[in-house]
Amino acid sequence: MDVEATCWIDISLSAFASNVAKAKRTLAGDAELMVAVKSDAYGHGEVSIATTALAHGAKTLAVLDIESGVRLRPHVGDTMLLAWLLSPHDDFAKAQRAGLDLGISALWQLDKLAHEATGGPVSLHLKIDTGLHRNGALQGDWVALCEAAAAMEKGGRVRVRGIWSHLSDTSTEENLESLERFHGAVEKARAVGLSPDILHIAASAAATDIPQSRLDMVRVGISVYGVSPFDERTPADMGFAPVMAARARVSHVDTEQNLAWVGMGYGHGLLPLPPHTGWVSLGGSPAQLHSVQMDHLVIGIPHEARVALGDIVTLWGDETSPSAEDWAKWAGTIGDEVVSSMGSGVERRFSS
Ligand SMILES: Cc1ncc(COP(=O)(O)O)c(C=O)c1O
């Protein structure tokens with residue numbers, strides 16, 4: 001007998017493909033499109049997402065760490081794969097063997113590379129902090145980092161292919177100030193002999209609103225997953241469609257209390273919500289959420305609705321249900337967290 005899953009995640013690769021094509025046209029423009037597939041492609045499944053992205057307009061991909069890049073490499077040919085979260089315990093020789101580009105922000109990373117990598121040049125992207133204070137070289141350390149990288153480049157050990165930064169996206173003004181600091185840092189890098197081919201700073205929000213921030217390449221994540229980076233604009237406003245729909249089956253019906261139990265909970269990666277917050281779609285009709293528990297949700301049965309064991313509930317992701325952004329509002333966070341939190345143990349069902 002087939003055992004029906006109590007919950008699963010539907011992933012529309014066709015929605016993702018058109019989002020990528022749209023991002024190439026409207027967010028990247030003349031720049032190259034790098035798609036961020038970190039955190040298992042924001043919870044969507046990294047291999048299918050990475051290959052679909054490359055087939056529909058992405059030129060390069062960003063992962064978070066070396067292990068993710070090594071895992072992805074056999075699926076993506078010789079595409080540029082940038083990994084930027086480096087730890088002293090990482091195996092840099094493995095990164096070199098997998099042909100990863102490394103995001104470098106500290107001298108210890110260059111020293112480690114000098115000891116561990118052998119032979120041909122490793123491609124590097126030096127990261128300057130331009131105000132966000134997240135994993136970039138501080139302005140005061142920048143020239144020393146560039147000089148050390150230039151010396152290694154002369155010795156044939158590395159090639160500084162890119163210079164990059166990440167924006168805070170708190171306001172256009174702050175992003176523009178960061179962009180100016182970035183150009184200043186690039187000048188200093190050129191002054192010590194570096195000649196990067198790729199300058200990149202913009203992610204979804206800046207690529208949308210600040211065309212001059214697109215430079216040579218934009219690194220786009222959340223928009224191509226059909227979730228908005230803006231509070232006041234929906235994905236549809238931006239021309240993007242949701243890619244993920246979270247679904248679960250009714251597993252118990254209590255006709256005395258008019259409640260139903262649905263087989264997905266915070267143990268599957270749902271964000272906990274305050275009691276009596278939000279709603280879901282029960283066969284197309286809105287049903288009030290009573291609580292999110294470890295293994296299930298408890299929902300109210302709408303008046304006059306007939307509910308049977310096995311009925312399908314959509315938590316977010318289709319036209320009858322709330323959106324991932326709705327869940328984010330209820331949980332006091334951003335849509336990125338709603339989709340990326342979904343546990344790897346929950347089956348992804350891909351449709352094209
Ligand atoms: C360094 C970096 N670049 C690009 C991205 C993609 O950003 P977004 O998902 O806002 O497009 C992220 C995501 O957090 C990031 O950390």
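Since the model is a prediction, treat every value here as computed from it, not as a measurement.

1. Digging into the domain arrangement of the protein chain
Part 1 of the reasoning: Assigned domains within the protein chain: domain 1 (13–227) and domain 2 (244–351).
Part 2 of the reasoning: When each unit is reduced to the centre of its C-alpha atoms, the spacing between domain 1 and domain 2 is 36 Å.
Part 3 of the reasoning: The interface of domain 1 with domain 2 comprises ten residues on the first partner and ten residues on the second.
Part 4 of the reasoning: The interface formed by domain 1 and domain 2 includes zero salt bridges.
Part 5 of the reasoning: Within the side of domain 1 that touches domain 2, the residues separate by chemical class into four nonpolar, six polar and no charged.

2. Some remarks on the site of the ligand
Part 1 of the reasoning: Close to the ligand lie Lys38, Tyr42, Trp84, Arg134, Trp164, His166, Ala203, Ser204, Arg219, Val220, Gly221 and Ile222.
Part 2 of the reasoning: For the ligand, an oxygen atom lies 2.7 Å from a polar atom in the backbone of Gly221.
Part 3 of the reasoning: Within the backbone of Ile222, an N or O atom sits 2.8 Å from an oxygen atom of the ligand.
Part 4 of the reasoning: When isolated, the ligand has an accessible area of 400 Å², and the protein chains bury 90% of it.
Part 5 of the reasoning: Of the residues in the shell around the ligand, the class split is six nonpolar, three polar and three charged.

3. Some thoughts on the pattern of salt bridges
Part 1 of the reasoning: Counted under the stated rule, the structure contains 13 salt bridges.
Part 2 of the reasoning: Across the salt bridge formed by Arg161 and Asp101, the nearest N and O atoms sit 2.7 Å from each other. Here the residue Arg161 occupies a position in strand 7 (residues 158–164), and Asp101 occupies one in strand 5 (residues 101–104), the gap between them amounting to 60 residues.
Part 3 of the reasoning: Accessibility expressed as a relative area gives 27% for Arg161, which makes it partly exposed.
Part 4 of the reasoning: In this structure, the salt-bridge partner of Glu177 is Arg181, at a minimum N-O distance of 3.7 Å. Placement of the pair is Glu177 and Arg181 together in helix 8 (residues 172–191), with a separation of four residues, close to one helical turn.
Part 5 of the reasoning: Judged by its relative accessible area of 36%, Arg181 falls in the partly exposed class.
Part 6 of the reasoning: Each of Asp10, Arg247 and Asp318 takes part in a single network of salt bridges with overlapping partners.

4. What to know about the environment of Ala148
Part 1 of the reasoning: Topologically, Ala148 is positioned in helix 7 (residues 139–154).
Part 2 of the reasoning: By relative accessible area, Ala148 is classed as partly exposed at 24%.
Part 3 of the reasoning: Linking Ala148 and Ala191, residues 43 residues apart in sequence, is a C-alpha distance of 13 Å.
Part 4 of the reasoning: Residue contacts for Ala148: discarding those within four places in its chain leaves Leu107 and Leu110.

Analysis parameters
- Residues numbered from 1 in each chain as written.
- Predicted model: local features only at pLDDT ≥ 70, side-chain atom pairs only at ≥ 80, totals over all residues.
- Heavy atoms only, no water.
- Domains from an automatic or database assignment.
- Contact = heavy atoms within 4.5 Å.
- Salt bridge = Lys/Arg side-chain N within 4 Å of Asp/Glu carboxyl O.
- Nonpolar A, V, L, I, M, F, W, Y, C, P; charged D, E, K, R; others polar.
- Near = heavy atom within 4 Å.
- Polar contact = N/O pair within 3.5 Å; in protein donor to acceptor, adjacent residues only side chain to side chain.
- Areas by Shrake-Rupley, 256 points an atom, 1.4 Å probe, with all protein chains shown as cover.
- Helix = DSSP H or I, 4+ residues; strand = E, 2+ residues; numbered from the N terminus.
- Buried < 20%, exposed > 50% of the residue type's maximum accessible area, 1.4 Å probe, protein only.

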